Amino acid sequence: MVRRLAVVLAAAVILSGCTEQRLFAVRAVAAGVPSLAPFFEEDGSLGTDETKLRPEQAHSGLQQGNTPGLYGGTQKPKVCDVDRLKDFLTDPRNRQKAREWARIVGITPDRIEGYIDDLTPVLLRHDTLVKNHDYKKGRAVAFDALLEAGIAVLVNDQGLPAVKCSCGNPLQSFDKDPEKISVKFEDGNKKWDGYEKSDVVTVKPAPEPLERIALIDVDNPDQGINRPVGSTGGNDERFDATKQHAVPRMAGMTFDQASQRLSELGLAAAYSDGLPPGDAAVTGSDPGPGTELRFGEAVTLSVADDGEKPGTPPKSDPTNGPTTDEPTSGGPTTDGPTTDEPTTDGPTTSGPTTDGPTSSGPTTDGPETGGPTSSKPTTDRPTIGEPTSSEPTTTVPTTPTVSSTPPTVEPTSAEPTSAEPTSAEPTRSEPVTSEPASSAPGSSGAPATGEPAVGAA
């Protein structure tokens, strides 16, 4: 009996050790705390963090880069000094740093200035997981990091953090299972107020390249900021972040189309079981169509089982009654045949009818007869069930194409973990479409452009 008990205890110890080994070590990086081995000295000359910004409660652990309100902005000058960063990286004395910096972001050193010009300064509103890089002995050394809300970063046109402003460290996407992390608060990075592991966020690429990023003004949360990608605040347009927007009908769209549609209205797409495939068919939403939400609030999308195609009858949207001649606010009619093309007893496989979404997402004013929507999204409520005089056609919507320039993620030479890593939960490579679309609600319902400020985040 004693021997059996000893064997059981030994097995328990081994199993507990294996469980601990599955955790990935993540180094906490607090706002305003200098790094020990940064690319450039963290003396405030490159940028400064907002140290009093508390982390927001996250509606989803995975968020796409076009999520409205994911990031914050401010009119304070020089939160990110983009020109000074370019000067450092093009200084002949920093040639080796520039080579390593360019290697991490996937470009050649001669393209550094153009690459930085396409980035946009923002402030993190959530504690965010990234792959950070120290600079040691002439090499970039990767480590997984949790950046505190309030840290200033430069993001690319897919909404992904690309540079930590205060030290110039290049950043990459976090590529491990966020459910299996062990956050280490050390080297002066004490656990900050408001930290909750359940509110940690990982950012995934936006489904389409962004033209504008919809920010919340961290100094006045009732105000929003539309910031053009590649600008530093001088061309900001302000809008009323308290304005309500109606949830559109999205059953029959693909997940990418639905999330893009919500983004155009200033609403966030949420999901319960990981990020769905971009071509997954949306069957319903919670809350349902017509519900009024303010900027940045989330809509949870339900997607079809494997094998179900976009345009098939939805299973779970109770608001979708039969519609034969009334267009919706952007979603296709999926409950019956069209007026000029008979169908069989089951759903057709040729895709949705003319009321279906376009590749860039429909507008809220009803079906479009032209191409993709404007780069500035509309903020009008969708017109649900309002008859139209246009004749239905059989044009099949185009399928989003894959961009030829996916974000580059290059393996680095070192990456500390707390033990032997295991395979993380698989993530998909999110395609981006070839046509840019905005991530922000349109400025038509926004207040007039505010005073520009150079170098704002």
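(A) View of the sheet that holds strand β17 (residues 282-286). Spatial ordering of the open sheet is given by β16-β19-β17, a layout of three strands whose pairing is mixed. Edge positions in the sheet fall to β16 (268-270) and β17, since each has one partner strand and no second. With direction set aside, neighbouring strand axes in the sheet form an average angle of 35°. Relative to strand β19 (residues 298-303), β17 is paired through four bridges, and the arrangement is antiparallel. Residue pairing for β19: Val 282 is matched across the bridge by Val 303. Across the sheet, helix α5 (residues 255-264) touches β16, β17 and β19, and the angle it forms with β19 is around 165°.

(B) Geometry of the state of the cysteines. For the structure shown, the criterion picks out one disulfide. Here Cys 80 pairs with Cys 165 through a disulfide, and the sulfurs are 1.8 Å apart. On the sign convention where negative is left-handed, the bridge of Cys 80 and Cys 165, at about 80° about the S-S bond, is right-handed. You can see Cys 80 sitting in the loop between β3 (71-73) and α2 (82-90) and its partner Cys 165 sitting in the loop between β8 (161-164) and β9 (172-173), a full 85 residues away along the chain. When its relative accessible area of 2% is taken as the criterion, Cys 80 is described as buried. Left unpaired, Cys 167 is separated from the closest cysteine sulfur, that of Cys 165, by 9.0 Å. Judged by relative accessible area, Cys 167 falls into the buried class, the value being 0%.

(C) The arrangement of the sheet that holds strand β13 (residues 223-228) in detail. Ordered in space as β8-β7-β4-β3-β12-β13-β14, the seven strands form an open sheet in which the pairing is mixed. A strand with exactly one partner marks an edge of an open sheet, and here the two such strands are β8 and β14 (237-240). The mean angle between the axes of side-by-side strands here comes to 50°, regardless of whether they run parallel or antiparallel. Where β13 and β14 come together, four bridges link them in antiparallel fashion. Note on β14: the bridge partner recorded for Gln 223 is Asp 240.

(D) Looking closely at the confidence of the model for the protein. Looking at the protein, the pLDDT average stands at 74 and 62% of residues meet or exceed 70. Low confidence marks residues 307-455, where pLDDT is under 50. Its contacts with residues over four positions away, or in another chain, come to 321 contacts.

(E) Representation of the pairing of β13 within the structure. Within β13, five of the six residues are buried, which leaves it mostly tucked inside the rest of the structure. Where strand β12 (residues 212-217) meets β13, five bridges bridge the pair, whose relative direction is antiparallel. By the bridge assignment, Leu 215 is partnered in β13 with Ile 225. Between β12 and β13, which pair antiparallel in sequence order, lie five residues.

(F) Quick look at the side chain of Ser 285. Along the chain, Ser 285 falls in strand β17. Of the polar contacts made by the side chain of Ser 285, one reaches the backbone oxygen of Pro 287; its length is 2.9 Å. In this structure, Ser 285 is in contact with Val 247, Met 250, Val 299, Thr 300 and Leu 301, ignoring residues within four places of it in sequence.

(G) Spatial organisation of unusual backbone geometry. Here Asp 286 and Pro 287 are connected by a cis peptide whose omega angle stands at 0°. Mapped onto the elements, Pro 287 comes out in the loop between β17 and β18 (292-294). The backbone of Lys 137 sits at a positive phi, close to 55°, despite the residue not being glycine. When you line up the elements, Lys 137 lands in the loop between β5 (128-136) and β6 (139-147). Given the relative accessible area of 87%, Lys 137 is considered exposed. The backbone phi angle of Asp 187 is positive, close to 55°, even though this residue is not glycine. Assignment of secondary structure puts Asp 187 in the loop between β10 (181-184) and β11 (201-204).

(H) Focus on the packing of aromatic side chains. The tally for this structure, following the rule as stated, stands at eight aromatic pairs. The interplanar angle of 55° and the centroid separation of 5.0 Å between the aromatic rings of Phe 39 and Tyr 135 together place this pair among those described as tilted. Highlighted residues: Phe 39 in the loop between β1 (24-29) and β2 (62-64) and Tyr 135 in strand β5, separated in sequence by 96 residues. In this structure, Phe 39 and Tyr 135 share a single accessibility class: buried. Summarising the aromatic geometry, the rings of Phe 185 and Trp 192 are spaced 5.3 Å apart at their centres and angled 70° between planes, so their arrangement reads as edge-to-face. An aromatic cluster is defined as three or more aromatic residues linked by ring pairs; in this entry it consists of Phe 185, Trp 192 and Tyr 195.

(I) Local environment of the nonpolar core. Residues Leu 85, Leu 89, Trp 101, Ile 112, Ile 116, Leu 154 and Val 163 are the most contacted members of the largest nonpolar core, which totals 27 residues. At the level of secondary structure, the elements contributing two or more residues to this core comprise α2, α3 (95-105), α4 (112-117), β7 (152-155) and β8. In terms of residue count, α3 provides more of this core than any other element does, five residues in total. Filtering out sequence-adjacent residues up to four positions away, Trp 101 remains in contact with Phe 39, Leu 89, Ile 112, Tyr 115, Ile 116, Val 163, Gly 168, Asn 169 and Pro 170. With 23 residues, the next largest nonpolar core counts Leu 124, Leu 160, Leu 171 and Val 201 among its residues.

(J) Structural context of the pairing of strand β4 (residues 120-124). Along β4, five of the five residues are buried, which leaves the element largely enclosed by surrounding structure. Residues Thr 120, Val 122 and Leu 124 point to one face of β4 and Pro 121 and Leu 123 to the other, with burial holding for every one of them. In this sheet, β4 lies alongside β3 in antiparallel orientation, the contact comprising two bridges. Residue pairing for β4: Tyr 71 is matched across the bridge by Leu 124. Relative to β7, β4 runs antiparallel, the two being bridged by four bridges. Residue pairing for β7: Leu 123 is matched across the bridge by Ala 152.

Rules and cut-offs
Residues numbered from 1 in each chain as written. Predicted model: local features only at pLDDT ≥ 70, side-chain atom pairs only at ≥ 80, totals over all residues. Heavy atoms only, no water. Pairing = 2+ DSSP bridges. Helix = DSSP H or I, 4+ residues; strand = E, 2+ residues; numbered from the N terminus. Axes fitted to C-alpha atoms, helices over the stretch in contact; angles between N-to-C directions. Contact = heavy atoms within 4.5 Å. Disulfide = S-S within 2.5 Å. Buried < 20%, exposed > 50% of the residue type's maximum accessible area, 1.4 Å probe, protein only. pLDDT = per-residue confidence, 0-100. Polar contact = N/O pair within 3.5 Å; in protein donor to acceptor, adjacent residues only side chain to side chain. Phe/Tyr/Trp six-rings, centres within 6.5 Å; stacked < 30°, edge-to-face > 60°. Core = buried A, V, L, I, M, F, W, Y, C linked by side-chain atoms within 4.5 Å.

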